[in-house]
Amino acid sequence: MDRPASGKTTAPRPATGAVWLFSALSAYCAATWLDANVFALGVHNLTPLRLGAGVAMVVCLRSGWQSMPLIAVLSLAVALLSGPARHAALPLSCVLSAAVSDALAGGMAAMLLQRVFAAPPASVPDLFRAVGRVCLPAAVSGAGVIVLQQATEGYVPWDQAEYLFATLVMAVCLGLLLVYPLYRACAAYRHLTGRECRWLGGVLGGNLVFLLLSFNGYGGCIYFIMPLLVLLAYNARLHGLMLALAPSMMAVAYGATMGFGPFQMPTTGEAAFLLATFLCSTTIVTLGVALHNRQLLNADSNREMWEQKAMRDPLTGLFNRSRLDCALEAELRRAQRSEDVLSLLMVDVDNFKSYNDIHGHLAGDTCLRAVAHTLRTVVHRAPDMVARYGGEEFACVLPGTAEAGAAQMAERIRCAVAELCIVHPGNTPAGHVTVSVGVTTVRGGRNATPDQAIDMADRALYRAKSKGRNTVATAQDILPPQACPHADLLRLAWSRSYECGEARIDAQHRQLFEMVNRLLAAFLDNAPRAACLAIIHELLT
């Protein structure tokens, strides 16, 4: 941002060093020479492109309106020392009017840009506001100086002055629209990606081909330049687009001044007006498409950022409860389709309320972050997921992990947290922060819901707490078949006569018998409803 919107408060202008100022003024001299010797369609300042006005605007933005006299002097010096290469020398009054025109247009454009915009234009509405409220007033003032001088002194008839005025207005607008975005792109110091470089090279090559065709009898090919630039706008950032747009427009203008292309009309004024119209409309459309595409990309990026934030716990950086529910449901479905296993760990910090009471809530937050970091370190496989379930409770989803592996993972978590040695006087007898872990495993084919899996893991966690904390308990520990006092009252017994001789089938049959016995034991021992439902789901599927 060059400067905020006008008001009683103004931001400091970026520092203008001597090297920058010398480079900018050198660029202005080069632009003025191009305007007079390369893009001129004839004598008396008739040109479809005035790059000098754009460079003057940038200089005034960085150095202030005090640089306007210096710009005018430099323009006069360039005109007098170099002179037009392809046309007769301009009268001194024409040279003076051109010098004043660039300085006035550049200074006014810089002033209006600072007043109208608090930040550089970044959208299609901003672009049209810039054209209507910045470029056009500055261009009218700059073109008016030249036309008034030309018509008053009789260099241009009054009936032809309208073409000169309209052409110069669009020429100044085009210079502003090309130079300012190019300046912003260079100031950003953004490197082009390899993909952007390939697109940039392809578009520049395509534009060169169309220019050559249009200059060799196929004039209509020049209108394919705009579609290529629009295509580049969707595949490169704005600074990459400007590296193609500016030289393309300059090449078209130069070719037309040499008598090539379709811009040939009965009079020079009409030809210049047609050329300036094409250049200006192409630039506005291309910039508009580029700004719109940048808005879409920014909107997508912002949406993804907020979606990520919505799925994260702000304190620990882990996934939150909402993301856990979605992921657990998706993993359960995947396990059912692939007949795989899925384990769920519920991790709870022991006596955390007393930790907050002793050390304060800020220390409690630090403790939770340390535990969360430990969980991420231990549970590090790509498909695994760690989430904050709520308060001091965490959950770990372990796809493809059976009972034994889940129990080992839970034990590693318990040991890793204990090794943090975070002092906790209220957690006796350990004296430091510890965790209890509940483990449950869902085997493929069981139509378990996320709530059922969480409920089983919670019951296992409660069992771990009841065993004295700082320990691990599995869902199978809740109802061990051997410990059931009624297990022998009713039980299915396997007999070798049931075997069919196929080892895989016999193993499945024995597993069914064992599952039925587990269910019978659960019923006889008045097991929790969730535990019975889990066994029934496993049996039926």
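As shown above, the structure is provided for reference.
These notes cover the structure that comes with them. Here the structure is a predicted model, which means the values were calculated and not measured.

**Points about unusual backbone geometry**
Now for step 1: Along the chain, Thr 428 connects to Pro 429 via a cis peptide bond; the corresponding omega equals 5°.
Now for step 2: Examined against the element boundaries, Pro 429 turns out to sit in the loop between helix H14 (403-418) and strand E4 (435-443).
Now for step 3: Even without glycine at this site, Asn 351 takes up a positive phi of about 50°.
Now for step 4: On the secondary structure map, Asn 351 appears in the loop between strand E1 (341-349) and helix H12 (352-359).
Now for step 5: For Asn 351, a relative accessible area of 24% translates into the label partly exposed.

**A closer look at the layout of surface pockets**
Now for step 1: The calculated volume of the largest pocket comes to roughly 680 Å³.
Now for step 2: Together, 33 residues line the largest pocket, and Pro 121, Arg 184, Leu 238, Leu 291 and Arg 294 are the ones closest to its centre.
Now for step 3: Mapped onto the lining of the largest pocket, the elements with two or more residues apiece are helix H5 (124-152), helix H6 (161-188), helix H9 (238-257) and helix H10 (268-310).
Now for step 4: At 8 residues, the largest contribution of residues to the lining of the largest pocket is made by H6.
Now for step 5: Residue classes in the lining of the largest pocket are distributed as 24 nonpolar, 4 polar and 5 charged.

**A closer look at the state of the cysteines**
Now for step 1: The final tally for this structure, using the stated rule, is 0 disulfides.
Now for step 2: As a non-bridged cysteine, Cys 173 has Cys 135 as the owner of its nearest cysteine sulfur, 5.2 Å distant.
Now for step 3: Among the residues examined, Cys 173 registers a relative accessible area of 4% and is labelled buried.

**Details of the pairing of strand E2 (residues 385-390)**
Now for step 1: E2 sits mainly inside the fold: 5 of its 6 residues count as buried.
Now for step 2: As paired elements, E2 and strand E3 (residues 393-399) share 5 bridges and run antiparallel to each other. Bridged to Val 386 within E3 is Cys 396.
Now for step 3: Linking two consecutive strands that pair antiparallel, namely E2 and E3, is a turn of 2 residues; a positive phi of about 60° is found at Gly 391 within it.

Thresholds, definitions, all that
- Positions within a chain are numbered from 1, following the residues in the order the chain's sequence is written.
- For this predicted model, a pLDDT threshold of at least 70 governs which residues receive local features, and a threshold of 80 or more governs which side-chain atom pairs are given and counted, while totals over whole chains, interfaces and linings are taken from all residues.
- Side-chain numbers come from the whole structure's heavy atoms, not from hydrogens or water.
- Only DSSP runs of H or I with at least four residues qualify as helices, and only runs of E with at least two residues qualify as strands; both kinds are numbered from the N terminus onward.
- Residue burial is assigned from relative accessible area. The probe radius is 1.4 Å, only protein chains are included, and a residue is buried under 20% of its type maximum, exposed over 50%, and partly exposed in between.
- Any residue with an atom within 4 Å of a point lines the site, the site being either a cavity, points on a 1 Å grid over the protein atoms alone where a 1.4 Å probe fits but cannot get out, or a pocket, an open set with protein on both sides within 12 Å along at least 5 of 7 lines.
- Grid points are joined across faces, edges and corners, and a volume is the space filled by probe spheres set on the points.
- Just so you know the grouping, Ala, Val, Leu, Ile, Met, Phe, Trp, Tyr, Cys and Pro go in nonpolar, Asp, Glu, Lys and Arg go in charged, and all remaining residues, Gly too, go in polar.
- Cysteine sulfur pairs qualify as disulfides if the two atoms are within 2.5 Å.
- Only strands that DSSP links by at least two bridges are regarded as paired with each other.

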